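Given next are the chains, with one letter for each unit.
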Amino acid sequence: MNILIVDDSKAIYAMVSKMLEEGGHTALWAEDGLRAIEIIKSNKSKIDVILLDWNMPNMNGPEFLEYNIKEKITSSPIVMMTTENSPDAIKKALSLNAAEYIMKPFTSDILFNKLSLIEMML
Amino acid sequence: MIREEVYKFFADYIYKNTGMVYASSDYYRLDSRINELVKFFSLSSPDELYSLYKKEITLDMRAILINISTNNETYFFRDVKPFTTLAKKIMPEIMTLNPNEEIKMWSAASSTGQEAYSMLMCLKNSLEDSAFSKMSVEGSDVSTKALDKAKAGIYSGLEVQRGLPAQLLVKFFQQLEPEKWQIDLSIQKKAKFYEFNLLTGLFPSDKFHVIFCRNILIYQDKENKIKILNNLSKSLRKGGVLILGSGESLVGLETNLQSCMYDDFTTYKKI
């Protein structure tokens with residue numbers, strides 16, 4: 001799958017993209033929600049899943065989810081991937097159409113397990 | 001060469017954050033993990049890594065350390081199919097055959113409880129409250145440490161992410177602390193855990209409507225496989241269903257259980 005990682009931390013991008021590539025996936029990177037919109041709209045490559053951080057400059061995760069509800073820029077499943085780990089945060093993300101939720105810290109088996117849950121929905 | 005102080009620092013941090021124990025006699029098991037972290041941060045030695053982490057551990061550094069230092073554990077809803085088949089196919093049939101009866105299930109190698117709780121969560125999700133009130137699961141294992149954890153029903157942030165969809169996490173768990181989640185009392189009170197050895201235990205007769213015994217037979221020789229299967233069969237009620245692991249079957253084993261397909265999922269029934 002082509003997976004867009006939206007996270008302002010280059011270290012997290014490096015870790016997650018390494019996991020994904022080892023699992024046979026391709027990773028793209030956007031450092032915030034605005035850059036993610038640009039990448040999605042440029043439509044250069046099909047994006048199968050979006051991994052979305054919560055706290056980022058310019059446009060954060062929930063703002064991106066709200067923007068997508070209004071503008072419908074993508075129908076790809078969006079998985080939150082964040083240190084925000086309260087039940088309220090999870091409920092909020094799910095109510096904004098996030099398909100799944102990964103709490104940092106996580107391991108590669110959790111990432112692949114969540115991706116397989118997503119693949120079952122596709 | 002990794003100094004004792006460096007080992008201790010990372011062992012203590014991993015224990016505090018994941019519950020995984022690295023005793024001082026096992027510090028060598030941290031070697032590859034510490035070296036992987038050194039490489040990841042483009043440092044030149046474990047001492048440099050120690051200085052970096054000692055100075056400040058950001059949330060991202062914590063995530064990277066824990067990712068590199070933990071192994072796989074038991075999953076909720078492992079393999080998915082046994083649970084969806086239980087809820088959608090097996091249980092409606094058993095309830096029709098046994099109206100008004102208490103339905104007893106057994107997670108025969110329950111480990112830390114994820115299988116037993118997954119059985120209950122999927123049934124709670126699919127049945128009316130009145131039907132769910134008749135359900136109970138017994139979980140057994142040889143490890144008292146695993147059973148203590150199962151009884152407490154408290155899992156780390158990593159454990160609740162293994163197999164459990166986020167929708168079910170917020171529906172069936174309360175967050176006690178940022179890294180501690182407890183199974184809801186409505187589920188927990190339906191599960192009972194106790195020590196039991198499948199090779200030496202005294203099996204009850206005609207007790208259970210459903211038995212999950214997954215990924216145990218695979219480690220046994222033929223003689224023990226037959227012994228366990230015959231004992232499990234003894235404990236099943238007539239018409240009761242046994243569910244084995246995805247890589248296990250009764251092929252080549254003489255038992256009084258009959259294979260029974262639900263769509264493409266194989267179970268074994270006591271006729």
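Residues numbered from 1 in each chain as written. Chains lettered and ligands numbered in written order. Predicted model: local features only at pLDDT ≥ 70, side-chain atom pairs only at ≥ 80, totals over all residues. Heavy atoms only, no water.

Participant: Please explain the domain arrangement of chain B as it appears in this structure.
Facilitator: The parts lose accessible area when they come together, and the size of an interface is often stated as this lost area. If you check the domain split of chain B, you get domain 1 (4-69) and domain 2 (81-270). For domain 1 of chain B and domain 2 of chain B, the distance between their C-alpha centres works out to 37 Å. (Domains from an automatic or database assignment.)

Participant: I keep staring at the packing of aromatic side chains and nothing clicks. Help me out?
Facilitator: Any pair of aromatic rings gets described here by the distance separating the centres and the angle formed by the planes. All names here are of chain B. Taken as a whole, this structure holds 18 aromatic pairs over all chains when the rule is applied. With 5.7 Å between their ring centres and 85° between their planes, phenylalanine 76 and phenylalanine 173 make a pair best called edge-to-face. Taken together, the residues span a long stretch of sequence, with phenylalanine 76 in the loop between helix H4 (59-69) and helix H5 (81-97) and phenylalanine 173 in strand S4 (residues 173-177) at a distance of 97 residues. Geometrically, the ring pair formed by tyrosine 117 and tyrosine 155 is edge-to-face, given 6.4 Å between the ring centres and 85° between the ring planes. Of the two residues, tyrosine 117 is situated in helix H6 (residues 114-126) and tyrosine 155 in strand S3 (residues 154-156); the sequence distance between them amounts to 38 residues. On the accessibility criterion, tyrosine 155 (1% relative accessible area) is buried. Here lysine 190 stacks its cationic end above the ring of phenylalanine 132, 5.7 Å away from the centre of that ring. (Phe/Tyr/Trp six-rings, centres within 6.5 Å; stacked < 30°, edge-to-face > 60°. Helix = DSSP H or I, 4+ residues; strand = E, 2+ residues; numbered from the N terminus. Buried < 20%, exposed > 50% of the residue type's maximum accessible area, 1.4 Å probe, protein only. Lys NZ or Arg CZ within 6 Å of the ring centre and 35° of its normal.)

Participant: Explain unusual backbone geometry here, please?
Facilitator: It is generally the case that most residues other than glycine have a negative phi and that most peptide bonds are trans. In this chain, Lys104(A) is followed by Pro105(A) through a cis amide linkage whose omega measures 0°. Structurally, the position occupied by Pro105(A) is in the loop between strand S5 (100-103) and helix H5 (108-121). You will see that Lys72(A), though not glycine, has its phi angle at about 45°, which is positive. With respect to the helices and strands, the residue Lys72(A) is situated in the loop between helix H3 (61-71) and strand S4 (78-82). Of note in the backbone geometry, Phe77(B) takes a positive phi value of approximately 50° without being a glycine. Since its relative accessible area comes to 12%, Phe77(B) is described here as buried.

Participant: Help me understand the pattern of salt bridges in this model?
Facilitator: Proximity of charged atoms lets side chains of opposite charge pair with each other. Going through the model one piece at a time under the given rule, you end up with 21 salt bridges over all chains. Put simply, Arg35(A) and Glu38(A) hold a salt bridge, and the shortest N to O gap is 2.7 Å. With Arg35(A) and Glu38(A) both in helix H2 (residues 33-42), this residue pair falls three residues apart, about one helical turn. In this structure Glu38(A) comes out as partly exposed when scored by relative accessible area, which is 46%. For the salt bridge of Lys207(B) with Glu138(B), the shortest nitrogen-to-oxygen distance reads 2.9 Å. Separated by 69 residues along the polypeptide, Lys207(B) in the loop between strand S6 (191-195) and strand S7 (208-213) and Glu138(B) in strand S2 (residues 135-141) bring together distant segments of the chain. (Salt bridge = Lys/Arg side-chain N within 4 Å of Asp/Glu carboxyl O.)

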